[in-house]
Amino acid sequence: MSTEIVAERLLSAADSADPDRAARLAFRAFVALSRTADSHQMLPFLARARKAHDAVRSPRTELIYCTLAGTAATRAGLADGPDYLDKALRIFDQNAFGDDAVLVECALTAALTLMRPQEARRFAPLVDALDLAPVDRARLLALIGAGDSWAGNLVRGQAELREAVRLAALCDSLDVQAEATSWLAKCDALRGDLDEAADHLDQARELAARVGSAWVARHLPECTVALAFARGDHDAWVGLLELVVATDAGVTAGLQHEHRWELATHHALAGRPGLAATLLADVADPPASWPGGPVLPAWRAWILDPDSPATAAALTAALGNLTRPIERLLAARVAWLLGAHHGRSGRRGEAARLLEQASAGYARAGAAGLLALVLKDLRLLGGRPPTGPGGAGPAGTDPPPAPAFPVAAGRPALTDAEARVAAAIADGLSNREAAQRLFVSVKTIEFHLGNIFRKLGVRNRTELAARRARTG
């Protein structure tokens, strides 16, 4: 059944219910629609909860109202959202509502919307003790798993999200399954389970489409960025970063600044300082309380002058201020960027220290996929060539040069897109594998292959690989 229809029926039932039950029904309606709705569609739930709260003014109805008001305001970008959410958490803690499933979900929602994912852990024992229907357990477990992953506990978060996906599938709860699967795809990518991440991304896209989920669709590009990054696919990573920056993806996770700073770093280190400066112009630093806030001003200064010893020293010092669980992955990332840049500049001692700091940070978080990429830079520092496929990834190092596919005189050259497809096929990938690497459809791969074979004068994949071997 459509989530909109479910929400409408719950709100209709609230009309004839007593105030306490009406508030609960309003929250259940919000839960039913929250994974598919835009922020403006939450207003009816907010109005119904406010009516119930005004009629009773009990701690229970106030907690529900504050959660709905704070979530709706935060999703709409209004400044008073955090105040409502803070109040919701205070009411929950003061009244020991841990035996009430609806109020536990309210408090958990408030904590995550406040971008305090480390607090999700304290709700896990409460959820374990509750007698819940499988669909409700799947929904709450998905929130806890997302919180654990977001707070840098990827091992636990991945396990919880997998269980949430399993339970949601058993209950045929497609909206919960879509949301949990999308979060799982990002967690898989950071953990280094790249094939699983690609499969889960495909599943999340399909599930989101089946329920019409604007909410899941909004953050899917953020998940594809993580997968391209973990794969070391430099071109796809940059293109996807441009997409998420242009669309402000990642705002609900507090990552919109981090995405923009990453893209600006890429341009600065690639010798395009003007483009880097343009990306950062007129974008104010967030407050220090924001995730990553303590390091963003120093990171900005380093982006604008990456070869300055002063900006590098200031950014290194600012790393010590990233102490919250939500900043664990960012702290490792910035140490990695600095270490790789020092290594390219011949400052081996500083490079080794920062790269080891980054690798230790990723190891603690369980980010085996990112750790593998850091180790490539450590091997380069020690004079050993990097091992494994992919070459230098999006660590701030230059991407490996594209293989040469010269064409005969008079024939048109390969386009950039065709060259990427040709390289993937010459690497021995199937059409499906090439599509996953390049984030395009299989039909796009087939279309480009026809042009590639014609331009290069080859008849099949074997001849294409042989052409690359002779000229690459």
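For the structure itself, consult the block above.
Residues numbered from 1 in each chain as written. Predicted model: local features only at pLDDT ≥ 70, side-chain atom pairs only at ≥ 80, totals over all residues. Heavy atoms only, no water.

Visitor: It is not clear to me how unusual backbone geometry should be interpreted in this structure. Could you clarify?
Guide: Excluding glycine, residues mostly carry a negative phi; peptide bonds, for their part, are mostly trans. If you check the backbone angles, A96 has positive phi at about 50 degrees while not being a glycine. Its place among the elements puts A96 in the loop between α5 (81-95) and α6 (101-113). At D282, a residue that is not glycine, the phi angle is positive and equals roughly 65 degrees. Following the sequence through the fold, D282 ends up in the loop between α15 (273-280) and α16 (296-304). (Helix = DSSP H or I, 4+ residues; strand = E, 2+ residues; numbered from the N terminus.)

Visitor: Please explain helix α23 (residues 442-456) as it appears in this structure.
Guide: Note: α-helices contain 3.6 residues per turn, so residues at a spacing of three or four share the same orientation. Taking 1.5 Å per residue, 15 residues should reach 21 Å; α23 reaches 21 Å between its end C-alpha atoms and fits that length. Taken residue by residue, α23 has I445, H448, L449, N451, I452, F453, K455 and L456 as its buried positions. (Expected span 1.5 Å × (residues − 1). Buried < 20%, exposed > 50% of the residue type's maximum accessible area, 1.4 Å probe, protein only.)

Visitor: Where do I start with the state of the cysteines in this structure?
Guide: Each disulfide is one covalent bond, formed between the sulfur atoms of two cysteines. This structure, assessed with the given rule, holds zero disulfides. Residue C106 stays outside any disulfide, its sulfur separated by 9.9 Å from that of C66, the closest cysteine. Of all cysteine sulfurs in the structure, the one in C223 sits closest to C187, which takes part in no disulfide; the separation is 11 Å. (Disulfide = S-S within 2.5 Å.)

Visitor: Which parts of the structure should I look at to understand the pattern of salt bridges?
Guide: When charged atoms on two side chains of opposite charge get close, those side chains can pair. Tallying each qualifying case throughout the model produces 25 salt bridges. A salt bridge links E62 to K87, with the nearest nitrogen and oxygen atoms 2.7 Å apart. Placement of the pair is E62 in helix α4 (residues 59-75) and K87 in helix α5, with a sequence separation of 25 residues. Here D235 makes a salt bridge to R420, at a shortest N to O gap of 3.9 Å. Here D235 is found in helix α13 (residues 234-247), whereas its partner R420 is found in helix α21 (residues 416-426), with 185 residues between them in sequence. The partly exposed category is assigned to D235, whose relative accessible area is 41%. Through salt bridges with shared partners, a single ionic network connects D86, D93, R116, E119 and R122. (Salt bridge = Lys/Arg side-chain N within 4 Å of Asp/Glu carboxyl O.)

Visitor: Explanation requested: empty space enclosed by the protein in the structure shown.
Guide: Taking a probe equal in size to a water molecule and rolling it over the atoms shows the remaining empty space. This structure, assessed with the given rule, holds two cavities of 30 Å³ or more. If you add up the space inside the second largest cavity, you get close to 40 Å³. Taken together, W215, R218, H219, A249, G250, V251 and T252 make up the full set of residues lining the second largest cavity. Of the residues in the lining of the second largest cavity, the class split is three nonpolar, three polar and one charged. (1 Å grid on protein atoms, 1.4 Å probe; cavity = no way out; pocket = protein on both sides within 12 Å on 5 of 7 lines; lining within 4 Å. Points joined across faces, edges and corners; volume = space filled by probe spheres on them. Nonpolar A, V, L, I, M, F, W, Y, C, P; charged D, E, K, R; others polar.)

Visitor: Even after reading the chapter, I still don't get the packing of α16 against helix α17 (residues 309-318), so can you show me in this structure?
Guide: Two packed helices can be described by the angle between their axes and the distance between those axes. Where α16 contacts α17, the two axes come as close as 8 Å, and the packing angle between them is 155 degrees. When the interaxial angle is binned, α16 and α17 end up roughly antiparallel. In the packing of α16 onto α17, the handedness of the crossing is left-handed. Across the interface between the two elements, A298, W299, A301 and W302 from α16 touch T311, A312, A314, L315 and A318 from α17. The residue inventory of the contact of α16 with α17, partitioned by class, reads eight nonpolar, one polar and no charged. (Axes fitted to C-alpha atoms, helices over the stretch in contact; angles between N-to-C directions. Parallel < 35°, antiparallel > 145°, perpendicular 65-115°, else oblique. Left-handed = near helix turned anticlockwise from the far one by under 90°. Contact = heavy atoms within 4.5 Å.)

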